[in-house]
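Geometric and topological summary
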Amino acid sequence: MTMIAQQVTELLAKMTLREKVGQLTQCGNSIYNDDYKIGWELLRQGRIGSLLGIGEVEQANELQRVAVEETRLGIPLLLGFDVIHGYRTTFPVPWAEACSWEPELARATAAASTREAAANGVNWIYAPMIDVSRDPRWGRGVEGAGEDPYLVGRFAEARVKGIQGETLSDGWHAAACAKHFVAYGAAIGGKDYNSVDLAPQTVHDVYLPPFRAAIDAGAASVMTAFHDLNGEPCTGSHYWITETLRERMGFAGVVISDAGSTDQLKVHGYTADDRDTAKTALLAGLDVEMCFGIFTYQEHLEALVREGAVPVDTLDAAVRRVLTLKYELGLFEHPYRDVKMAAAALGGDGSRKLAREAARRSVVLLKNQDVLPLKKTQRMAVIGPLADDREEMLGTWSGVGRAEEAVSPWDALKTRANASHAKGCQAVEPSPALFAEAVQLAQNSEVAVVFVGEPRSMNGEGKSRTSNTLPGVQLELLEKLKATGTPLVVVVIGGRPLVLTRVAELADALLFSGALGVEAGQAYADVILGEYNSSAKLVNTFPTVVGQAPLYYNHNNTGKPPVEEFFWTSKYLDAPIKPLFPFGYGLSYSRFTYANLALSQTAATGTEVIEVRVDVTNTSAVDGEEIVQLYITDPVASLVRPVKELKGFAKVFLRAGEMKTVTLKLPLQSTGFHNRKLEYVVEKGKLLISVGTNSADTISQALMIV
Ligand code: GLC
């Protein structure tokens, strides 16, 4: 038995039933509201084991002191916080950062964010969000890494490692929490919290792989989702939590509910009342109840155990997992944080430098008709509701980030270029009166750089949309600016795959990103002025019209794949067949060509690793980076397979005119799928290997799995 296991056993033996239930109870930061006196009393009675949202080191220390010095057993607290893309230094939102296709960059920003948070008393971080997101109407894709399971998985493992580091107890790291288990992004209609109805094979092939990656990376905890999946609310489902997550996937860590998702079980119609909820959730394998007003565990678990409705061993197993995590975090030895070190850890040049590097690597160039990069001397009109809005640069879930510490595009361009500014319109409220000034400025400028998009209030939790267009009168502003004849560089900031069809027609150059954080303005300026050559690529398919949703590249072929000229094929009467921009799409100031695709073998067994080689040439006069993407297609299988599936990628730097032979390894074991019995199989037969610059533009070779 390990030392920690021994310590936990000894502590558990001393605990009363009430104290055990306390370890499974999390309350919010309302403990600091005056009307929450009971919180402090419950804390002193050892009936609260963790809290959510404590964002100040003084409060963290105060809470820990009460728990350690004023309770009978002195068990320290888990203090959870949503450090989704930064604590005080705000980095690009995860979805934007994923467009870099650089998991190691995400690991670095997760580590930097955790360093700030851990120094300030946070020891449990509710990240990474690893929900595969295929529906552009859903507002939470902004927290994740897009529509592809393989890519989401790479960012899942990177962010877990960044948050947890090598030593959980070093005071600079925290417990990660892979969320939201499972398939939250598949909400019907892209409507947040809505039901999810999926074939079990789809859950196993698309939505579970990122959790596999997070668990393999050592994720200390998992958060269950709000929704019902195939009729079972995730938060109360023994099948999903115990039989799938714990038994099938081998997860041995802590499972926490989402905020109030336990007491919602009765709303789902899955439990009769809060007592039934407490019993169902604990028996399902849920360890910690993240309470949102109703405390079903605290209210009912003691009686349920005394009556034998809940075996004490089940309760003990949950408490053991929570206490184990507290020991692993070193909280019993070091529950407090040094206030001076906490302050010193916040922000700083190192974090801002990393934030700028991450930001400029997250800007996707979608169109460029020989307009970008601009010269500093060009008379530049900087226009748009997001051009000078520092708060909007932070994006949703911005921790304790401060807008005044952010750099807006106008902040950056006014000092780095020959630029003038006009707002042009508000982001959402009707504001036609602002048009005239912007139009006049554009008429008197050589180029107009227009920052438009979705305000962060339209992104994140509970923010689904049915239109996905630019809100307010922003498109009208672009139409008026276009009419001036001045070249338009349009920069769109959004938290979901927006409908940019008309925007792309009006723009002479088009850049897209999610909110880029504190150094957003400098990052946009770096790309616009050519000091950084855009290298990012989309991690979602962008629709031409929102009616195409759900829309993703790795769809099945169907028996009647869409053909423009034939009615009786799978398409819409009133929308084009193709998306506006495919998964993996992004341009550069360089130009890259692919040739000489070669496989190390043309036949191999399903357990071998083959090498895929391709010559990539930078045919331009500009050094640049290219994201080489590797896809497979299984043309004949016992269950139909997607037309393409991403199974590898590499980001390579190529000097002007340089050619490199890029080699990607493909473990053929990774090309399988779950059959009708949910067995993972790699079937014999032909496999198409495709490599290219995005999911729609590839060259292929075949191999046989024998
Ligand atoms: C929210 C979110 C979840 C977050 C939790 C705590 O409802 O769904 O992602 O971690 O509550 O804030």
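None of these values were measured; they are calculated from a predicted model.

The next point concerns the layout of surface pockets. Here the largest pocket defines a volume of roughly 1200 Å³. Around the largest pocket sit 47 residues that line it, and Pro149, His204, Asp205, Val206 and Pro209 are the ones nearest its centre. Of all the elements, helix 8 (residues 200–207) adds the most residues to the lining of the largest pocket, at six residues. Residues of the lining of the largest pocket, tallied by class, amount to 22 nonpolar, twelve polar and 13 charged. A volume near 860 Å³ is recorded for the second largest pocket. Forming the boundary of the second largest pocket are 25 residues, of which Tyr552, His555, Pro562, Ile577 and Pro579 lie nearest the centre. Each residue belonging to the lining of the second largest pocket can be placed in one class, and the counts come to 14 nonpolar, eight polar and three charged.

When the domains of the protein chain are assigned, the result is domain 1 (1–81 + 277–341), domain 2 (350–539) and domain 3 (592–705). One C-alpha centre belongs to domain 1, the other to domain 3, and the line joining them spans 48 Å.

On the surface, a nonpolar cluster with roughly 500 Å² of combined accessible area is contributed by Phe567, Trp568 and Leu573. With respect to the element layout, tryptophan 568 can be found in the loop between helix 22 (520–528) and strand 17 (592–599).

Ring pairs (aromatic) are described by centroid distance and by the angle formed between their planes. Across all of its chains, the model carries 20 aromatic pairs by this definition. Ring plane angle 65 degrees and centroid distance 5.6 Å describe the contact between phenylalanine 451 and tyrosine 524, whose orientation is recorded as edge-to-face. Separated by 73 residues along the polypeptide, phenylalanine 451 in strand 14 (residues 447–453) and tyrosine 524 in helix 22 bring together distant segments of the chain. Pair check on accessibility: phenylalanine 451 and tyrosine 524 agree, each one buried. Taken together, the ring pairs connect Trp101, Tyr150, Tyr553, Phe583, Tyr631 and Phe649 into an aromatic cluster. Taking the ring centre of tryptophan 397 as reference, the NZ or CZ of lysine 179 above it sits at 5.5 Å.

Here we take up the environment of methionine 3. Examined against the element boundaries, methionine 3 turns out to sit in helix 1 (residues 3–14). Judged by its relative accessible area of 62%, methionine 3 falls in the exposed class. With 411 residues separating them along the chain, methionine 3 and lysine 414 place their C-alpha atoms 59 Å apart.

Let us look at the pattern of salt bridges. For the structure shown, the criterion picks out 45 salt bridges. Two residues, lysine 414 and aspartate 411, come together in a salt bridge whose shortest N-O distance is 3.8 Å. Pair noted here: lysine 414 and aspartate 411 are both in helix 18 (residues 409–416), with a separation of three residues, about one helical turn. Owing to a relative accessible area of 41%, lysine 414 belongs among the partly exposed residues under this scheme. Through salt bridges that share partners, Glu102, Arg356, Glu357, Arg360, Arg361, Lys376, Arg416, Asp526, Glu531, Glu625 and Lys651 make up one connected network.

Turning our eyes to something else, we now look at the nonpolar core. Ranked by internal contacts, the top residues of the largest apolar core, which has 139 residues, are Leu301, Ile383 and Val492. With seven residues, helix 14 (residues 312–328) is the single largest residue contributor to this core. The residues touching leucine 301, leaving out its near neighbours within four places in the chain, are Val21, Leu24, Ala278, Leu282, Thr296, Val310 and Leu315. Among the nonpolar cores identified, the runner-up in size contains 45 residues, and Leu372, Val382, Val489 and Leu511 belong to it.

Moving on, we get to empty space enclosed by the protein. Applying the stated rule across the entire model yields five cavities of 30 Å³ or more. What lines the largest cavity is a set of 19 residues, and nearest its centre among them are Val83, Ile84, His85, Ala110 and Arg159. Of all the secondary structure elements, the ones that give two or more residues to the lining of the largest cavity are helix 5 (94–98), helix 6 (103–119) and helix 7 (149–164). At five residues, helix 6 tops the list of elements feeding residues into the lining of the largest cavity. Looking at the lining of the largest cavity residue by residue, the class counts come to eleven nonpolar, five polar and three charged. Lining the second largest cavity are 14 residues, and of these Gln23, Gly46, Thr71, Leu73 and Ile75 sit closest to its centre. In the lining of the second largest cavity, the residues fall into seven nonpolar, five polar and two charged.

Lining the immediate surroundings of the ligand are 13 residues, of which Asp82, Arg140, Lys179, His180 and Asp258 lie closest. With the chains in place, 92% of the 310 Å² that the ligand exposes on its own is no longer accessible.

Buried within helix 12 (residues 274–284) are the following residues: Asp274, Thr277, Ala278, Thr280, Ala281, Leu282 and Ala284. Residues of helix 12 that are buried make contact with helix 10 (238–248), helix 11 (265–268), helix 13 (296–306) and helix 14. Residue glycine 285 follows helix 12 closely and has a positive phi angle near 115 degrees.

The rules we used
- Per-chain numbering applies: the sequence of each chain, read as written, is numbered from 1 onward.
- The model is predicted, so local features are restricted to residues of pLDDT at least 70 and side-chain atom pairs to those at 80 or more, both for listing and for counting; the totals for chains, interfaces and linings are taken over all residues.
- The side-chain numbers reported here are obtained from all heavy atoms of the structure, hydrogens and water having been left aside.
- A 1.4 Å probe that fits into a set of points on a 1 Å grid over the protein atoms alone but cannot get out defines a cavity; an open set with protein on both sides within 12 Å along at least five of seven lines defines a pocket, and lining residues are those with an atom within 4 Å of a point.
- Grid points are joined across faces, edges and corners, and a volume is the space filled by probe spheres set on the points.
- Numbering of helices and strands runs from the N terminus; a helix is a DSSP stretch of H or I covering at least four residues, while a strand is a stretch of E covering at least two.
- Each residue is assigned to one class: nonpolar for Ala, Val, Leu, Ile, Met, Phe, Trp, Tyr, Cys and Pro, charged for Asp, Glu, Lys and Arg, and polar for all the others, Gly among them.
- Where each domain begins and ends follows an automated or database-derived domain assignment.
- The residues that make up patches have over 30% relative accessible area and no salt bridge, and they are joined within 9 Å when like-charged or within 5 Å when they are Val, Leu, Ile, Met, Phe, Trp or Tyr.
- All accessibility values rest on the Shrake-Rupley procedure with a 1.4 Å probe; residue burial counts only the protein chains present in the view.
- In the sections that follow, a salt bridge refers to a side-chain nitrogen of Lys or Arg positioned within 4 Å of a carboxyl oxygen of Asp or Glu.
- Classification of ring pairs uses Phe, Tyr and Trp, with its six-membered ring standing for Trp, and accepts pairs whose centres are within 6.5 Å; under 30 degrees between planes counts as stacked, over 60 as edge-to-face, and the remaining range as tilted.
- Burial classification: accessible surface area is computed with a 1.4 Å probe over protein chains only, and a residue below 20% of its type maximum counts as buried, one above 50% as exposed, and the rest as partly exposed.
- Lysine NZ or arginine CZ positioned within 6 Å of the ring centre and within 35 degrees of the ring normal marks a charge as sitting over the ring.
- Nonpolar cores were defined as sets of buried Ala, Val, Leu, Ile, Met, Phe, Trp, Tyr and Cys residues, with membership established by side-chain atoms within 4.5 Å.
- Residue contacts are counted whenever heavy atoms from the two residues lie within 4.5 Å of one another.
- Each residue is tested against the molecule or strand, and it is near if at least one of its non-hydrogen atoms lies within 4 Å.

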